[in-house]
Structures are given as structure tokens and as C-alpha cells.
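# Per-entry structural report
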Amino acid sequence: MQIKAPRGTQDVLPKDSYKWHLLEKRIRELCDLYQFREIRTPAFEHTDLFIRGVGETTDIVEKEMYTFLDKGNRSITLKPEGTASAVRSLIEHKLYADPMPLKMYYLSTPVFRYEKPQAGRLREHHQFGVECFGSIVPNLDAEIISIAMTLFQQLGLKNLSLNINSIGCPTCRPVYRQKLKEYFETHKEDLCETCLSRLERNPIRILDCKNESCREVVKNAPRTIDYLCEDCSDHFHSLQEYLTILGYDFVVNPGLVRGLDYYTKTVFEIISTDLGAQSTVCGGGRYDKLVEECGGPDLAGIGFGMGIERLLMILEKQGLLPEEPYKNKVYIASMDEASKKEGFRLLALLRKNGISAEGDLMSRSFKAQMKYADKINFTHTVIIGEEEVKTKKFTLKNMELGTQESLTEEELINTLK
Ligand code: ATP
Ligand code: MG
């Protein structure tokens, strides 16, 4: 048997999980501030959903999905992103009949992609994401972006860059697509195998290829923002005005297209200069046709996904993660058999009163128990011996100050509370 987690996966050990908790708490509070409610969807879905939703010619669908047949011969895929599942759920539960806009978020959702593992690139990672449906106004785009930006500001992150672009809509895209195809056709010899196959099916996907030689060709390719229709152009300018109102610096990056087919109009990424090659910590955009494409009504949408592991990496690097905030509270040390039983009773009583406590679970000698209590950094130790059992007065030792006092059960509880 191999005692090693599968490649590209990570354990969060007990000593580190508080970092996730801190972040998750912040995120929940933030979502509450924006009045978004949590949605939880399954870790796997029918494969079709992602082929349809994410797009057949995307890297995710072509190369990265964890797809398998289950025992009932259904093709199942482990969730490679969060939006398609949210859309599926919205259609299935007819949430589109609710008052609009529909706002939801997901948190620490496991996301699976068969990628080449490296720092910041895992095969299972976790995302925080938000989705909002039913509105086409550009101030919503700015509001969605501001959720991510506010989180980063609250966390004190530095060296971030907000990149935005518009990739048009079904009105302007055919013209652009044609231009792009013509351009790539004159550079066929420099395109990779995958991109050659994308040339006919979806030339826009070539813009997102990670291959060196394709990237060179892409540098001079026609840009979406030069082909926007009036509606998309107005929307994009309006978004920039709203971002300015919020006081955000941003870069219009015409090369930004995102690796999923469903986007329309606005796309954005928040990039950290502290993450090396895997620099994107948050990415999102508008997907006004996705709900309809998945079989639902004509309902606009916009959202983003944020990698929790990458965010933690930057926080760590910038020294923004506090020391573990939890303290070991009360330890009950007992001297003999009778006091051990009394200690066991007291332990239950303390917990019943909401006091976090621990007793000896290792049959240690009294001396060894005190040594343990010191090592694990308990704030208080309750000492029980023959005398304490008899008098029902317990010795409470403040481990930080080294002081001791003798207390009744009631006094003990009140003091510890
Ligand atoms: P990249 O360009 O780095 O591959 P992406 O465009 O595939 O990212 P999205 O699909 O936008 O990423 O996912 C949203 C966020 O999830 C990313 O910005 C990133 O923070 C995180 N993420 C994506 N893929 C991974 C991965 N393999 N390992 C860890 N985090 C990831
Ligand atoms: Mg990717």
C-alpha cells in the first residue's frame, strides 16, 4: 500500500486548519454584507453538464476533467468548476421563478482538474465563488468584482492587479471570430496540435493556449475590444466608470479571455505578483447565455471563482496570517483513582457549561500530566487529589501567571467562564 496522497492533492493538518477557518469566517461575513446566501452542490455531476456548460473545446473539458463511468454506467465528472453546478441547480429547482437578482456563493468547494501539479496548481483545490443571476446592468459587474476586492483589502493583501476585458456577445462575436480565424490561418505553422483542431471549432480558445509558440502568435492577434457591438462597448465603459467610483485601479487587458466558453461581455482576473507562474487568485466574468444553453430560461449571470490555496499562499508569503488564535483552555489533572473519577465527572460538567476542557486520556502519572499541560499550553489546570475529593474544593492553577486558588465547583465554573 502506498502511504502517499495522490499527486496534486493536499492535506490540511490539524495545526493548519485554523487558517482555513479564519478565511472562511471572513468570507461568510463578507457575503452576508452583500446579502449573498450559500449554495452547496454535489462534488460530482453528469459529465454532459460540463461539456455543455464549460465548453467542448476548453482546456478543462479537453484535458483536465476527472471523468469516469459509475457502476450504473453513467458518465460522471468530479466538479472542475462551480458555475455549471450552480446553473444546473437553479434550473432544476426553478429558482428563476424567485425575485431577481438571485445571489449565491459557494465556499471551500472542492474542484478537480487533471493538471500538471506544481506550486499553486493542484489536482484537487478549493474555491470560494459567487454567482448572481437575472441582471444585465454593469454596476452589478462592478459589485461582483468589489466582493473579491473588498475581501483582499480586508485581508491586507498587497501587490494585486485587477485586469478586465470584454469579450463581446453573440451579436459581435461572429465578426470577431471570423477575423481571428483569418489571422490564425496565416500562422498555422506556429500553432500546436490542439489549437489547429480549435481553428475550425472555436478559434477564440487559441487565445487561451498556454503553449509558448501559440502565445507568440496570439500576441498580434485581433483584439475583442476592437470588435465590440454598441451594447457591449457601452457596458464595458460603464463598468469602468463604476470601478472608478469604487476607487479601484484596474488594467484593461485585451489579452484576457479566460479558459471557459461561457463568458460574454465582462471578464476579469485578479493577479498577484507574489504567486510566481500561478499568479491568478481570482477569475470571473459575465455569462449571459449559459443558463439558456443549459436548458433554462434566458437569464443573465455573472460570477467569479477564487482559489483558496492560492489565497493562503499569498497571505503566508505576505506575513498576513496570524498565529493560531485558539488556545488550549482547561486541563484536569488527577492524582489517584478516586480523584480521576471525580475529575471525569467534573470534565463533563465543565463542558456542559460551555468550557472547553480536556482530561488525562493516557493514564499518565500526576507529574507527567502536569508536564503535558505545560507543553500543550493550557491556560488553566484543575488539580484534583485526595484532599479535593474530600472537601469538594478544587485547586485551579493559572498556567500563565503560575498562581493557584482553591474553589468550589460553582466558583470554578464561574471563574473559568
Ligand atoms: P489558471 O489560468 O491558473 O489555470 P484558471 O483560469 O484555470 O487558472 P479558474 O477556472 O478561473 O482558473 O478558477 C478560479 C481560480 O481557482 C483561479 O483563479 C485560481 O485561483 C484557482 N485555481 C484554478 N485552477 C487551480 C489549480 N489547478 N490549483 C489551485 N488553484 C486553482
Ligand atoms: Mg486552468
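Think of each chain on its own: its residues are numbered from 1, step by step along the sequence as written. Chains carry letters and ligands carry numbers; both start at the beginning, A for chains and 1 for ligands, and go up in the order they are written. Where local features are concerned, this predicted model is filtered to residues with pLDDT of at least 70; where side-chain atom pairs are given and counted, the filter is 80 or more; whole-chain, interface and lining totals use all residues. Based on all heavy atoms of the structure, the side-chain values leave hydrogens and waters out of the count.

## So, the pattern of salt bridges
Salt bridges are defined by distance alone: a side-chain nitrogen of Lys or Arg within 4 Å of a carboxyl oxygen of Asp or Glu. What the rule picks out here adds up to 29 salt bridges. A salt bridge links Glu29 to Lys25; the nearest nitrogen and oxygen atoms lie 3.3 Å apart. Here Glu29 pairs with Lys25, and both are found in helix 1 (residues 17-33), just four residues apart, close to one helical turn. Since its relative accessible area comes to 44%, Glu29 is described here as partly exposed. Across the pair Arg88 and Glu92 runs a salt bridge whose closest N-O atoms are separated by 2.9 Å. Within this pair, Arg88 and its partner Glu92 are both found in helix 4 (residues 83-92), separated by four residues, close to a single helical turn. Members of the salt-bridge network, linked through shared partners, are Asp59, Glu62, Lys63, Arg198 and Arg201. The way it works is that DSSP assigns letters per residue, a run of H or I at least four long becomes a helix, a run of E at least two long becomes a strand, and they are numbered from the N terminus. To sort residues, take the accessible area from a 1.4 Å probe on protein chains only and compare it with the maximum for the residue type: under 20% means buried, over 50% means exposed, and anything in between is partly exposed.

## Regarding the pairing of strand 7 (residues 160-166)
Counting buried residues along strand 7, five of its seven residues qualify, which places the element largely inside the surrounding structure. Pairing of strand 7 with strand 9 (residues 264-272), which is carried by seven bridges, proceeds in the antiparallel orientation. Across the sheet, the residue bridging to Leu162 is Ile270, located in strand 9. Note: two strands are recorded as paired if DSSP finds a minimum of 2 bridges between them. As defined by bridge partners, strand 7 adjoins strand 8 (residues 251-252) across two bridges and the pair is classed as parallel. Residue Asn163 lies in a different strand from strand 8, and its bridge partner there is Val251.

## Topic: the site of ligand 1
Around ligand 1 lies a shell of 16 residues, among which Arg113, Glu115, Arg121, Leu122 and Arg258 are the nearest. Within the contact set of ligand 1, an oxygen atom lies 2.7 Å away from a side-chain nitrogen or oxygen of Arg113. Any pair of nitrogen or oxygen atoms within 3.5 Å is treated as a polar contact; in protein, a donor-acceptor pairing is required on top of that, and neighbouring residues in sequence qualify only through side-chain atoms on both sides. At a separation of 3.1 Å, an oxygen atom of ligand 1 approaches a polar side-chain atom of Gln127. With residues, only the protein chains shown are counted as cover, and all accessible areas are computed by Shrake-Rupley using a 1.4 Å probe. When isolated, ligand 1 has an accessible area of 590 Å², and the protein chains bury 92% of it. Contributing elements (two or more residues each) for the shell around ligand 1: strand 6 (124-133), strand 10 (280-286) and strand 11 (301-307). Top contributing element to the shell around ligand 1 by residue count: strand 10, with four residues. Polar here means any residue outside two lists: the nonpolar Ala, Val, Leu, Ile, Met, Phe, Trp, Tyr, Cys and Pro, and the charged Asp, Glu, Lys and Arg; Gly therefore counts as polar. Its residues assigned to classes, the shell around ligand 1 comprises three nonpolar, seven polar and six charged. Summary of the distance rule: residues count as near a molecule or strand when at least one heavy atom falls within 4 Å of that molecule or strand.

## Focus on helix 12 (residues 337-352)
Each α-helix winds once per 3.6 residues, and so residues spaced three or four apart point in a common direction. Expected helix span is taken as 1.5 Å per residue step, with the number of steps being one fewer than the number of residues. If you check helix 12, its first and last C-alpha atoms are 23 Å apart, about what 16 residues at 1.5 Å a residue would give, namely 22 Å. When helix 12 is considered as a whole, its buried residues turn out to be Ser339, Glu342, Gly343, Leu346, Leu347 and Leu350. Down the axis of helix 12, the sector holding all buried residues measures 150°, keeping them to one side. Exposed and facing more than 90 degrees away from the buried side of helix 12 are Glu337, Lys341, Phe344 and Lys352. Note on definitions: a residue-residue contact is assigned when non-hydrogen atoms from the two residues lie within 4.5 Å. Residues of helix 12 that are buried make contact with strand 12 (328-334), strand 13 (357-359), strand 14 (378-384), helix 14 (386-391), strand 15 (393-398) and helix 15 (409-416). Directions pointing from the helix axis toward each C-beta atom define the arc.

## Considerations on the sheet that holds strand 16 (residues 404-408)
A sheet is described by the order of its strands in space; here five strands give the open sequence 13-12-14-15-16, paired in mixed fashion. With partners counted over all chains shown, the strands left at the sheet margins are strand 13 and strand 16, one partner each. This sheet shows a mean twist of 30° between the axes of neighbouring strands, independent of strand direction. With four bridges joining them, strand 14 and strand 15 adopt antiparallel strand pairing. In the strand pairing of strand 15, His380 is matched with Asn398. A fitted line through C-alpha atoms represents every axis, and for helices the fit uses only the stretch in contact; the resulting angles, taken between N-to-C directions, go from 0 to 180 degrees.

## Describing the packing of aromatic side chains
Any Phe, Tyr or Trp ring, taking Trp's six-membered ring, that has another such ring centre within 6.5 Å forms a pair; planes under 30 degrees apart are called stacked, those over 60 apart edge-to-face, and the others tilted. Applying the stated criterion across every chain yields a total of twelve aromatic pairs. Between Tyr66 and Tyr114 the ring centres are 5.7 Å apart and the planes differ by 70°, which places this aromatic pair in the edge-to-face class. In this pair, Tyr66 is assigned in the loop between helix 3 (59-64) and strand 3 (67-69) and Tyr114 in the loop between strand 5 (102-112) and strand 6, connecting sequence segments 48 residues apart. For Tyr66, a relative accessible area of 26% corresponds to the partly exposed category. Connected via pairs of aromatic rings, a cluster forms that spans Tyr105, Phe128, Phe268 and Phe304. Positioned above the aromatic ring of Tyr114, the side-chain terminus of Arg123 is 3.9 Å from the ring centre. In this scheme, the term charge over a ring applies when either NZ of a lysine or CZ of an arginine sits within 6 Å of the ring centre and within 35 degrees of the ring normal.

## Considerations on the nonpolar core
For our purposes a nonpolar core is just a set of buried Ala, Val, Leu, Ile, Met, Phe, Trp, Tyr and Cys residues, chained together by side-chain atoms within 4.5 Å. Among the nonpolar cores identified, the biggest contains 48 residues, and Phe128, Ile144, Phe152, Phe304, Met306 and Leu311 are the most heavily contacted of them. Among the elements that make up this core, the one with the highest residue count is helix 5 (residues 138-155) (ten residues). Setting aside residues no more than four positions away along its own chain, Phe152 makes contact with Leu157, Leu160, Ile270, Val281, Cys282, Met306 and Leu311. Core analysis: the second largest hydrophobic core is formed by 44 residues, Ile60, Ala86, Phe184 and Cys294 among them.

## Regarding helix 13 (residues 366-375)
Listed in full, the buried residues belonging to helix 13 are Gln369, Met370, Tyr372 and Ala373. Down the axis of helix 13, the smallest arc covering the buried residues is 160°, so these residues share one side. Helix 13 presents Lys367, Lys371, Asp374 and Lys375 as exposed residues on the side facing more than 90 degrees away from its buried surface. In the core, the buried residues of helix 13 are packed alongside strand 12, strand 13, strand 14 and strand 15. Of the residues one or two after helix 13, Asn377 is the one with positive phi, at around 65°.

## Topic: the domain arrangement of the chain
Assigned domains of the chain: these are domain 1 (17-172 + 228-317) and domain 2 (330-416). Segmentation into domains, and thus their bounds, comes from an automatic or database assignment. Look at where the C-alpha atoms of domain 1 and domain 2 centre, and you get two points 50 Å apart.

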